[in-house]
Amino acid sequence: MILNERAAKLLATRLYLRDAALLAGRLLLSLIFLHEGVTLATHFDAAAKAMEALGVGLPLFIATVALQLGAGLSVATGLLTRLGAIGLGLFCLATATLFHTNFASQNELLHFEKDLAIAGGMFVLAAAGAGRFSLDWLLAGYLQQRRRDKDMVAALLAVENQFSLRLPV
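Definitions and cut-offs
Position numbers for residues count from 1 along each chain, tracking the sequence in the order it is written. Where totals are concerned, whole chains, interfaces and linings use all residues; where local detail is concerned, this predicted model gives features only for residues with pLDDT of at least 70, and gives and counts side-chain atom pairs only at 80 or more. To get the side-chain values, all heavy atoms of the structure are used, and hydrogens and water are removed first. Numbering goes from the N terminus for both helices and strands, where a helix is a DSSP run of H or I of at least four residues and a strand is a run of E of at least two. Exposure is judged per residue with a 1.4 Å probe applied to protein chains only, and the accessible area is read against the type maximum: over 50% gives exposed, under 20% gives buried, and values in between give partly exposed. Residues are called lining when one of their atoms sits within 4 Å of a cavity or pocket point, these points coming from a 1 Å grid over the protein atoms alone, where a cavity is a set in which a 1.4 Å probe fits but cannot get out and a pocket is an open set with protein on both sides within 12 Å along at least five of seven lines. Grid points are joined across faces, edges and corners, and a volume is the space filled by probe spheres set on the points. For this classification, the nonpolar set comprises Ala, Val, Leu, Ile, Met, Phe, Trp, Tyr, Cys and Pro, the charged set comprises Asp, Glu, Lys and Arg, and every other residue, Gly included, is treated as polar. For patches, a residue must show more than 30% relative accessible area and have no salt bridge; joins then use 9 Å for like charges and 5 Å for nonpolar side chains, namely Val, Leu, Ile, Met, Phe, Trp and Tyr. Surface accessibility follows the Shrake-Rupley procedure with a 1.4 Å probe radius. Residue values consider only the protein chains on display as shielding. Put simply, a salt bridge is a Lys or Arg side-chain nitrogen that is within 4 Å of an Asp or Glu carboxyl oxygen.

**Q** Give me unusual backbone geometry: which residues, what numbers.
**A** Look at Leu80: it is not a glycine, yet its phi comes out positive at around 55°. With respect to the helices and strands, the residue Leu80 is situated in the loop between α3 (58-77) and α4 (81-99).

**Q** Run through the environment of Phe44, naming residues and quoting values.
**A** For Phe44, the position within the fold is in helix α2 (residues 44-53). By relative accessible area, which is 30% here, Phe44 ends up partly exposed. Here the alpha-carbon distance between Phe44 and Leu73, two residues 29 residues apart in the chain, equals 19 Å.

**Q** Account for the layout of surface pockets, with residues named and values stated.
**A** Looking at the largest pocket, its volume works out to about 580 Å³. Surrounding the largest pocket, 21 residues form its lining, Gln68, Phe91, Thr95, Phe99 and His100 being those nearest its centre. Elements with a contribution of two residues or more to the lining of the largest pocket: α1 (3-42), α3, α4 and α5 (106-128). No other element matches α4, which puts 6 residues into the lining of the largest pocket. The class makeup of the residues in the lining of the largest pocket is 13 nonpolar, 5 polar and 3 charged. The calculated volume of the second largest pocket comes to roughly 240 Å³.

**Q** Provide a residue-level description of a nonpolar patch on the surface, including the pertinent values.
**A** Among the surface-exposed residues, Leu79, Leu80, Leu83, Leu135, Trp137, Leu138, Leu139, Tyr142 and Leu143 lie close enough to one another that they form a single nonpolar patch of about 910 Å² accessible area. Considering each element in turn, the nonpolar patch owes the most residues, 6 residues, to helix α6 (residues 135-163). Within the secondary structure layout, Leu135 lies in helix α6. A residue is classified by how much of its surface remains accessible, and Leu135, at 36% relative accessible area, is partly exposed.

**Q** If you had to explain the pattern of salt bridges to someone new, which residues and values would you point to?
**A** For the coordinates displayed, the defined rule picks out 3 salt bridges. Residue Asp19 pairs with Arg18 through a salt bridge whose shortest N-O separation is 3.2 Å. What makes Asp19 buried here is its relative accessible area of 2%. A salt bridge links Lys114 to Asp115, with the nearest nitrogen and oxygen atoms 3.0 Å apart. For Asp115, a relative accessible area of 4% puts it in the buried group. Overlapping salt bridges bring together Arg18, Asp19 and Arg132 as one network.

Structural data, given as structure tokens:
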């Protein structure tokens, strides 16, 4: 095997491992939001009352459930991943600073740090993108192929028009 072939094989292996790591990271990061969103949705009345006691009104509670489910699915499937990751990262920052600031409580401090860590992971994901094992990648490939097809049709029509027989009117 020549040097270029070895380098190409090494690069392909590294890219595969990178994309596999991005997939695993996306699934692990999204799990907490999907689980919480489903739990809140299935116990909606009790959860809405508990959130109201914390000062979170019904519209904001509904938006929270929608964000957790929608952005959680976005990150898990890799569709609009960067947008979903930014939304969940900002959500974690807000949750940490609004609900977990009683640092005298070890539990609250742990939740604060957990939310900051998850926010950091989401921002890293937003910067890195979803990788090749994602709907973003498939959609980008499909759109690129459509653009190439459209350009090819335009080129063929231009050639046809150039060589078409024009009859005097």
